[in-house]
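Chain residues, written in single-letter form:
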Amino acid sequence: SGHPSAFRTSNLCIPQPQNPPQLGHLAIIKPLVYLTLRLSLPDALIRLPSGSRLCTRRSSGAAAPGSGATIFALSSGQGRCGIAVIRTSGPSSGHALQILTAARDLPPARHASLRLLSDPRSGEPLDRALVLWFPGPRSFTGEDCVEFHVHGGPAVVSGVLQALGSVPGLRPAEAGEFTRRAFANGKLNLTEVEGLADLIHAETEAQRRQALRQLDGELGHLCRGWAETLTKALAHVEAYIDFGEDDNLEEGVLEQADIEVRALEVALGAHLRDARRGQRLRSGAHVVVTGPPNAGKSSLVNLLSRKPVSIVSPEPGTTRDVLETPVDLAGFPVLLSDTAGLREGVGPVEQEGVRRARERLEQADLILAMLDASDLASPSSCNFLATVVASVGAQSPSDSSQRLLLVLNKSDLLSPEGPGPRPDLPPHLLLSCLTGEGLDGLLEALRKELAAVCGDPSTGSPLLTRARHQHHLQGCLDALSHYKPSKDLALAAEALRVARGHLTRLTGGGGTEEILDIIFRDFCVGK
Ligand SMILES: Nc1nc2c(ncn2[C@@H]2O[C@H](COP(=O)(O)OP(=O)(O)OP(=O)(O)O)[C@@H](O)[C@H]2O)c(=O)[nH]1
Ligand SMILES: [K+]
Ligand SMILES: [Mg+2]
């Protein structure tokens, strides 16, 4: 039925059948072939095939893959444990397995088999272990791999490692080398590698969720989609440069490219505005507790961190230095800072403490502003409300650089019948560090605030977790600002090429050795 539309690729037009001179045919076919070729580019650009130029140079970090060596390492944690996993990757993996199990045949692929391992030099039994044989390319690295699940005693582990080291062609792996081989063989792209590194290091629920999403390749998928949009726009512009005169291009080819590029700019802008949130989730949000002296700031820090971080005493001006402690608040990683109570006109040491407190306050992602609920009329409380609380509250929510939660502590001192806190107060929470009343409400409010500060990793668009991601998206956006096809088509095409280059490098295509070194340095040996 609709064969004309089957030949129609985006806005390129199908030959008009009523005018078929021989030469016209060529001119008509050319743009189609041209476009088809260009549209098939993105995959090749983004996934590095094995044996690409990455494999030819050795670098300071993990050795470049493809060198033919078979690597081995303990892949589970160090120290005494029930089961330890030792892995190999490379062409001699199968041979090493045969030698250690003194068997002529390899076990069935991807099935756990119980085997006696012995030292190939002395024949001495080392352990009765589960072995798994993963012939490439269906393995983590894409190469032949073996896993030995041995008993976790240090003597067993070192015995098996030494036995592997004695097999010709095998050498110990360097940090991150398994993952690097997986990357070089196209098993993972660069953002997925970063997700894996983050997953290994994740300490809180939210960090784990974010790392898993990145490992699933969501950011990579998004970038590939964007790169494809740019490839199409580039194909249109170049087709126009080459064949615009031939009259075979449908009207509006350039306009369509323009619309797509502008839409992409909007999407990139939205992601960049989001940028800091993913990084905060990866490295921890800064939460700073502040307020007048004796409000109970140190008591709250100790309560939230469940350990005696700060000295608590009835003496105002107890805390002088900034005390920082990492905590998991409602699943979010947080660097919690206790600070000196804000007041004027005290000795030089406390004044220095107040200066440091104000400095730290400026770096806060979230401010926990604390007042003594039974002391709201005091000059220090009024002053604090009029300065710190009012100034953060006055920021427009869109620029949302800092958020603030107002907490009225010592609610146990308020008489149940007496008047509540002043009616003119901004929204606040009541808390008693002494009795723990109100703590659940505070934690729930903190969860909401932190979700806003860090982004909720289980919903919404994939977050940019590293400065590197932000750099490339910004680079892409900057390049697109030079895309002005109405002025100069050649320059516009170049702008699209530069922009697409940034997206490709984000997922690891054409990646430089230095970036790879930095990323793989995050891994431990055996990963
Ligand atoms: N009744 C009551 N007392 C509290 C509560 N929280 C803290 N306190 C007491 O208030 C006093 C001051 O507490 P801190 O935690 O040292 O207060 P702070 O804000 O860190 O004080 P500075 O570091 O001196 O600015 C201590 O005697 C605490 O035991 C509370 O919820 N109820
Ligand atoms: K105090
Ligand atoms: Mg204190």
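The structure presented is a predicted model; accordingly, all values stated were derived computationally and were not measured.

K.L.:
Provide a residue-level description of the nonpolar core, including the pertinent values.
P.N.:
Core analysis: the biggest nonpolar cluster contains 29 residues, and Leu300, Leu368 and Leu442 have the highest contact counts within it. For this core, the elements supplying multiple residues, two or more each, are β7 (285-290), α12 (297-305), β8 (323-329), β9 (332-338), β10 (366-372), β11 (403-409) and α15 (439-454). With near-sequence residues (within four places) excluded, Leu368 lies in contact with Val287, Val288, Val289, Thr290, Leu300, Leu304, Leu405, Val407, Leu442 and Leu446.

K.L.:
Mind laying out the coordination of the potassium ion (ligand 2), listing which residues take part and the relevant values?
P.N.:
Looking at the metal site, the potassium ion (ligand 2) is ligated by Asn294 (OD1), Ser313 (O), Glu315 (O) and Thr318 (OG1), spaced 2.5 to 2.8 Å from it. The sequence pattern describing where the donors of the potassium ion (ligand 2) fall on their chain is N-x18-S-x1-E-x2-T. A distance of 5.0 Å spans the gap from the potassium ion (ligand 2) to the magnesium ion (ligand 3). Of the residues examined, Glu315 reaches a relative accessible area of 52% and is grouped as exposed. Thr318 sits in the partly exposed class, given a relative accessible area of 26%.

K.L.:
Quick rundown of the packing of aromatic side chains? Include the residues and the values.
P.N.:
Tallying each qualifying case throughout the model produces 0 aromatic pairs. Seen from the ring of Phe178, Arg87 lies directly overhead, with NZ or CZ sitting 4.5 Å from the centre.

K.L.:
So what's going on with helix α6 (residues 177-184)? Residues and values would help.
P.N.:
Among the 8 residues that make up α6, 8 are buried, leaving the element largely enclosed by the rest of the structure. Inspection of α6 places Glu177, Phe178, Thr179, Arg180, Arg181, Ala182, Phe183 and Ala184 among the buried residues, and these make up the whole buried set. Phi for Gly186, located one or two positions after α6, is positive at around 75 degrees.

Rules used in this analysis
- Residues numbered from 1 in each chain as written.
- Chains lettered and ligands numbered in written order.
- Predicted model: local features only at pLDDT ≥ 70, side-chain atom pairs only at ≥ 80, totals over all residues.
- Heavy atoms only, no water.
- Core = buried A, V, L, I, M, F, W, Y, C linked by side-chain atoms within 4.5 Å.
- Buried < 20%, exposed > 50% of the residue type's maximum accessible area, 1.4 Å probe, protein only.
- Helix = DSSP H or I, 4+ residues; strand = E, 2+ residues; numbered from the N terminus.
- Contact = heavy atoms within 4.5 Å.
- Donors = N, O, S within 2.8 Å, 3.2 Å for Na, K, Ca; no water.
- Phe/Tyr/Trp six-rings, centres within 6.5 Å; stacked < 30°, edge-to-face > 60°.
- Lys NZ or Arg CZ within 6 Å of the ring centre and 35° of its normal.

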